[in-house]
Amino acid sequence: MSYLFALIPAGSADSTAQAIDVVHEIGSGPRSQVPEPICVVLTDLAASDAAVFSVGGRPADARGAVIATHDPELGALQELLSLTKDRGVAVYDREFQRLYDPRGSIAVEVILPGDVRLPYLSRSLLESLIVQPYWPYPESPYFIVARAEQIFIQAYRHEDGTFQLEHRDGGPGAHFEFQTRDQTVVADLMWAWATANPSWRTTVAWSLLDLTTACQPLEEEI
């Protein structure tokens with residue numbers, strides 16, 4: 001089964017709804033020259049091991065190109081975003097309806113369930129991940145933003161809609177948590193952390209999370 005993405009010029013869509021309109025028009029009207037950055041990306045993909053290919057019947061045009069891959073969580077999405085982020089090309093995920101636009105992004109690693117990795121984060125992408133944090137595994141609604149192995153911030157959405165935010169400052173002994181149901185608070189805190197704005201430390205009351213105690217089984221009552 002093919003998994004469809006669209007390559008479109010960054011700035012041609014500012015929202016998912018606009019991206020849907022742009023993608024719908026690709027290949028449906030008069031043909032014009034394909035933007036050079038998209039041609040370069042398509043050429044690089046053809047020479048890569050990501051198994052990405054142009055979809056027959058939808059030729060590329062000035063609006064962009066529709067491509068497909070199998071199992072994008074196995075590295076193809078990461079490669080696709082790495083190839084497009086510095087070329088002014090946005091990627092639209094047609095199945096999941098998520099727009100990856102490199103404009104205004106920062107170079108920080110984003111880790112999704114199943115060790116799916118994204119090479120950058122923008123405010124709009126962050127907000128999208130908060131609303132739908134579970135690709136590609138619905139049973140694991142979390143994502144992590146990391147600078148190093150032991151320096152990261154993560155969000156987990158519980159079934160009742162509560163978000164559990166955690167951040168680590170170098171090791172298990174510096175692991176803190178905070179819970180909220182406000183998505184805006186989650187976005188503000190995580191974006192401040194990602195952009196090295198110190199306000200994230202004092203905006204809310206973080207609590208030290210004792211991971212050793214949390215993992216111990218409860219003692220039986222005598």
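As the structure is a prediction and not an experimental result, all values here were calculated from the model. Each chain carries its own residue numbering, running from 1 in the written order of its sequence. Local features in this predicted model are restricted to residues whose pLDDT is 70 or higher, and side-chain atom pairs enter the listing and the counts only when it is 80 or higher, whereas totals over whole chains, interfaces and linings include all residues. Note: side-chain values were computed over all heavy atoms of the structure, leaving out hydrogens and water.

## Some details on the pattern of salt bridges
Salt bridges are defined by distance alone: a side-chain nitrogen of Lys or Arg within 4 Å of a carboxyl oxygen of Asp or Glu. Tallied over the full model, the rule gives 11 salt bridges. Note that Asp 14 and Arg 103 form a salt bridge whose closest N and O atoms lie 2.7 Å from each other. Of this pair, Asp 14 sits in the loop between β1 (3–9) and α1 (16–25) while Arg 103 sits in the loop between β5 (98–100) and β6 (109–112); the two residues are 89 residues apart in sequence, bridging distant segments of the chain. Each residue gets one of three labels from its accessible area relative to the maximum for its type: buried under 20%, exposed over 50%, partly exposed in between, using a 1.4 Å probe on protein chains only. Asp 14 sits in the exposed class, given a relative accessible area of 55%. Residue classification places Arg 103 among the partly exposed positions, given a relative accessible area of 41%. To qualify as a helix, a DSSP run of H or I must reach at least 4 residues; to qualify as a strand, a run of E must reach at least 2; elements of each kind are numbered from the N terminus.

## Observations regarding the sheet that holds strand β7 (residues 116–118)
Reading across from one edge, β7-β6-β8-β9-β10-β11-β12 is the order of the 7 strands in this open sheet, with antiparallel pairing throughout. The sheet is open, and its two edges are formed by β7 and β12 (207–208), each paired on a single side. In this analysis, strands are considered paired if DSSP registers two or more bridges between them. As judged from the 2 bridges shared by strand β11 (residues 175–180) and β12, these two strands associate in the antiparallel manner. Counterpart to Phe 176 in the pairing with β12 is Leu 208. In this fold helix α4 (residues 123–131) packs onto β6, β7, β8 (142–148), β9 (151–157) and β10 (163–169), with an angle of close to 140 degrees to the strand it touches most, β8. The criterion used for residue contact is that any of the two residues' heavy atoms lie within 4.5 Å. Between N-to-C directions, angles span 0 to 180 degrees; the directions come from axes that are lines fitted to C-alpha atoms, helices contributing only their stretch in contact.

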